[in-house]
Amino acid sequence: MSVIDTDSYSRRLRDRAVDLDGRRLLVSDLRGSAQENDLSEPVNCGGYGRIRHFTRATGTGWPDNPLPIDPAAAALGLPPGADGIRAQVFQNAACNWRCWWCFVPYGLLSANPARSAMRTADELVDAYLAIPGRPPVLDLSGGQPDLVPEWVSWTLRSLDERGVSDVYVWSDDNLSTDYFFTHLPPGEQHYLATHPRYGRVACFKGFDTESFAFNTTAGPELFDRQFTLFARLLTTGMDLYGYATFTTPSAGGIAAKMRAFTDRLQRIAEHLPLRVVPLEIQVWGPVAPRMRADRHASLGLQQEAIAAWRDELTRRFAPADLAAPITRPWPSLPRFR
Ligand code: SF4
């Protein structure tokens with residue numbers, strides 16, 4: 001696969017993935033997809049939704065993942081420290097990158113009308129609200145949701161207009177586009193950034209230019225853009241968190257590269273590493289056919305990388321800080337709400 005021209009492809013995908021006049025977006029049809037086999041519950045909402053069980057516990061050597069468990073609990077007034085939380089997931093049918101370890105089949109990322117359908121946010125919210133025992137979290141995933149930043153805004157307004165206040169909306173961002181800023185009017189940006197029941201997680205897809213390009217098929221120069229976009233989102237005051245993935249093709253210099261990565265996070269905000277959760281890459285169903293020797297090897301190298309990450313955090317933060325909830329307000333981070 002050749003290097004993706006991210007900006008050009010993003011524009012083309014957006015053109016196909018949103019109908020602004022109809023306030024609709026392209027949502028993936030999960031029925032019959034390779035992803036369906038990985039699900040623990042049948043697809044729902046006519047085939048366009050699924051239930052996800054987010055769990056705090058992770059693999060050996062990897063830190064717990066409190067996302068979105070703790071932010072949702074804080075926003076909804078639920079008891080803190082739960083082991084997990086259920087979420088209703090919808091996936092927009094477009095992504096501008098092709099991470100080899102993506103658990104979504106590539107066919108559900110190309111705005112393909114044969115594998116998706118246009119839906120309004122109101123229709124998706126209605127389908128979600130009709131689920132018996134509906135989950136407390138509504139996860140707007142992808143794909144790259146920021147290709148259609150209106151989706152989050154439409155969804156929050158739909159819930160607010162219905163007087164629904166027991167739902168936490170969570171959305172993903174691959175830190176590739178600035179469409180939140182360029183396609184949403186300032187009033188909508190402010191509405192999202194200050195909404196008491198909205199949180200966003202943005203994913204750093206590597207810890208240096210080489211691992212980033214290896215993981216995403218994007219140009220290595222876009223690694224830097226990830227930091228710029230994260231910093232810009234943070235200035236809005238949004239309840240913002242980070243993921244990071246550490247698969248890399250190179251065994252050399254991992255400790256030094258991780259030190260530089262952590263330095264860059266701290267140049268955005270001193271306590272930002274405490275809001276970033278590394279994710280262990282695993283081989284889900286759609287990933288197996290994409291495996292090559294270097295990708296197999298990178299699964300082992302991510303174990304060295306996570307050890308280096310933990311060393312960095314231990315050197316930089318006190319044990320009490322490392323044990324603090326991820327939702328804790330830090331002096332170096334903008335105050336949410
Ligand atoms: S950015 Fe996200 S949705 Fe897109 S290919 Fe990577 S993991 Fe998949």
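The structure under discussion appears in the preceding block.
The paragraphs below set out a description of the structure included in this document. What you are looking at is a predicted structure, and each value in this text was computed from that prediction instead of being measured.

Quick look at the environment of Leu274
Then step 1. The residue Leu274 is located in the loop between helix H9 (254–268) and strand E10 (276–279) in this model.
Then step 2. A C-alpha to C-alpha distance of 9.2 Å links Leu274 and Tyr241, two positions 33 residues apart in sequence.

Some points on the environment of Asp29
Then step 1. Assignment of secondary structure puts Asp29 in the loop between strand E2 (24–28) and strand E3 (49–55).
Then step 2. With relative accessibility at 10%, the residue Asp29 sits in the buried group.
Then step 3. Not counting residues within four places of it along the chain, the set of residues in contact with Asp29 comprises Gly47, Tyr48, Leu108, Arg115 and Ser116.
Then step 4. Among the polar contacts listed, one links the side chain of Asp29 to the side chain of Arg31, at a separation of 2.9 Å.

Here we look at the site of the ligand
Then step 1. Lining the immediate surroundings of the ligand are Cys95, Trp97, Arg98, Cys99, Trp101, Cys102, Leu109, Gly143, Asn174 and Lys205.
Then step 2. Residue classes in the shell around the ligand are distributed as 6 nonpolar, 2 polar and 2 charged.

Digging into unusual backbone geometry
Then step 1. Residues Leu67 and Pro68 are joined by a peptide bond in cis, for which omega reads -10 degrees.
Then step 2. Assignment of secondary structure puts Pro68 in the loop between E3 and helix H2 (69–76).
Then step 3. Of the consecutive residues Gly142 and Gly143, the connecting peptide bond is found in the cis state with omega at 5 degrees.
Then step 4. Along the chain, Gly143 turns up in the loop between strand E6 (137–141) and helix H4 (150–161).
Then step 5. Positive phi, normally seen in glycine, also occurs at Arg23, with a value near 50 degrees.
Then step 6. On the secondary structure map, Arg23 appears in the loop between strand E1 (18–19) and E2.
Then step 7. Located in the positive-phi region is Thr217, a residue other than glycine, with phi close to 70 degrees.
Then step 8. Within the secondary structure, Thr217 is located in the loop between helix H7 (209–216) and helix H8 (222–235).
Then step 9. On the accessibility criterion, Thr217 (14% relative accessible area) is buried.

Conventions adopted
Residues numbered from 1 in each chain as written. Predicted model: local features only at pLDDT ≥ 70, side-chain atom pairs only at ≥ 80, totals over all residues. Heavy atoms only, no water. Helix = DSSP H or I, 4+ residues; strand = E, 2+ residues; numbered from the N terminus. Buried < 20%, exposed > 50% of the residue type's maximum accessible area, 1.4 Å probe, protein only. Contact = heavy atoms within 4.5 Å. Polar contact = N/O pair within 3.5 Å; in protein donor to acceptor, adjacent residues only side chain to side chain. Near = heavy atom within 4 Å. Nonpolar A, V, L, I, M, F, W, Y, C, P; charged D, E, K, R; others polar.

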